[in-house]
Amino acid sequence: NCDWSSDVCSSDLVFVAGVLAYRAAQSTSDPHHIVNLLGREPVRAELRGVVVSDPTGRKSFQVDVSAVKSGEEWVPATGRLWVFLRQERVVRYGEEWEFGASIREPEAPRNPGVFRWKQWLAERRIFLTATIWPRDRCELVATGRGNPVTTLALQVRARLEEAIAAGIADEP
């Protein structure tokens, strides 16, 4: 029961709810979360996951991990990785891949005033990065596993880009 005005009590409740929501967003309490399965130290791992960001024209993208290989068995996993692809390979939104990679925690900035990439990733619930090197296994498992609305939006964008490029090519 609050003794102050209801506005003060409401703002206190909103503040507490915000703190709790922030802590929940920063936590990796799920025992199947990749941080809990792999740890925060650099490690090599075999993973399975779906590409959930548009990698068109880029060599980095986000993957929602669904499994980590432990010995000969795939163990269910959760969490998102920022993946750097060092292979000459086309990767598309919504594709499911099995791949080997070097996993590590992003480095904190060493100089004041620079972009805080580690913090930026953590705000998006990404706590580890993966690098797929040329020697690593990288196998397409399935397609069409992304959000259908996002898939449609990316297809429309690609067609618009093609139409614009064709229009520009016809100009003197």
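Our subject is the structure listed above.
Cut-offs used in this document
Residues numbered from 1 in each chain as written. Predicted model: local features only at pLDDT ≥ 70, side-chain atom pairs only at ≥ 80, totals over all residues. Heavy atoms only, no water. 1 Å grid on protein atoms, 1.4 Å probe; cavity = no way out; pocket = protein on both sides within 12 Å on 5 of 7 lines; lining within 4 Å. Points joined across faces, edges and corners; volume = space filled by probe spheres on them. Helix = DSSP H or I, 4+ residues; strand = E, 2+ residues; numbered from the N terminus. Nonpolar A, V, L, I, M, F, W, Y, C, P; charged D, E, K, R; others polar. Salt bridge = Lys/Arg side-chain N within 4 Å of Asp/Glu carboxyl O. Buried < 20%, exposed > 50% of the residue type's maximum accessible area, 1.4 Å probe, protein only. Contact = heavy atoms within 4.5 Å. Pairing = 2+ DSSP bridges.

Brief notes about the layout of surface pockets
Thought 1: Counted as a void, the largest pocket has a volume near 510 Å³.
Thought 2: Together, 24 residues line the largest pocket, and Asp 54, Thr 56, Val 91, Arg 92 and Tyr 93 are the ones closest to its centre.
Thought 3: In terms of residue count, helix α4 (residues 148-169) provides more of the lining of the largest pocket than any other element does, 6 residues in total.
Thought 4: Per-class residue counts for the lining of the largest pocket are 8 nonpolar, 8 polar and 8 charged.

Observations concerning the pattern of salt bridges
Pairs can form between side chains of opposite charge whenever their charged atoms are close.
Thought 1: By the definition in use, this model includes 14 salt bridges.
Thought 2: Here Glu 98 makes a salt bridge to Arg 137, at a shortest N to O gap of 3.5 Å. Residue Glu 98 is found in strand β5 (residues 96-104), and its partner Arg 137 is found in the loop between β6 (126-132) and β7 (138-142); the two are separated by 39 residues along the sequence.
Thought 3: For Glu 98, a relative accessible area of 13% puts it in the buried group.
Thought 4: We classify Arg 137 as partly exposed; its relative accessible area is 32%.
Thought 5: Because the salt bridges share partners, they merge into one network encompassing Glu 46, Arg 48, Glu 98, Arg 137 and Glu 139.

Some thoughts on the environment of Val 50
Thought 1: Tracing the backbone shows Val 50 in strand β1 (residues 43-51).
Thought 2: When the C-alpha atoms of Val 50 and Asp 64 are compared, they prove to be 5.3 Å apart, with 14 residues separating the residues in sequence.
Thought 3: Leave out the neighbours within four places in its chain, and Val 50 touches Gln 62, Val 63, Asp 64, Gly 94, Glu 95, Glu 96 and Arg 145.

So, the pairing of strand β4 (residues 80-85)
Thought 1: By the criterion of burial, β4 is predominantly enclosed, with 5 of the 6 residues buried.
Thought 2: Relative to β4, strand β2 (residues 60-70) runs antiparallel, the two being bridged by 5 bridges. Pairing of Ser 60 across the sheet is with Phe 84, part of β4.
Thought 3: Where β4 lies against β6, 6 bridges are found, and the strand directions are parallel. The residue of β6 that forms the bridge with Val 83 is Ala 130.

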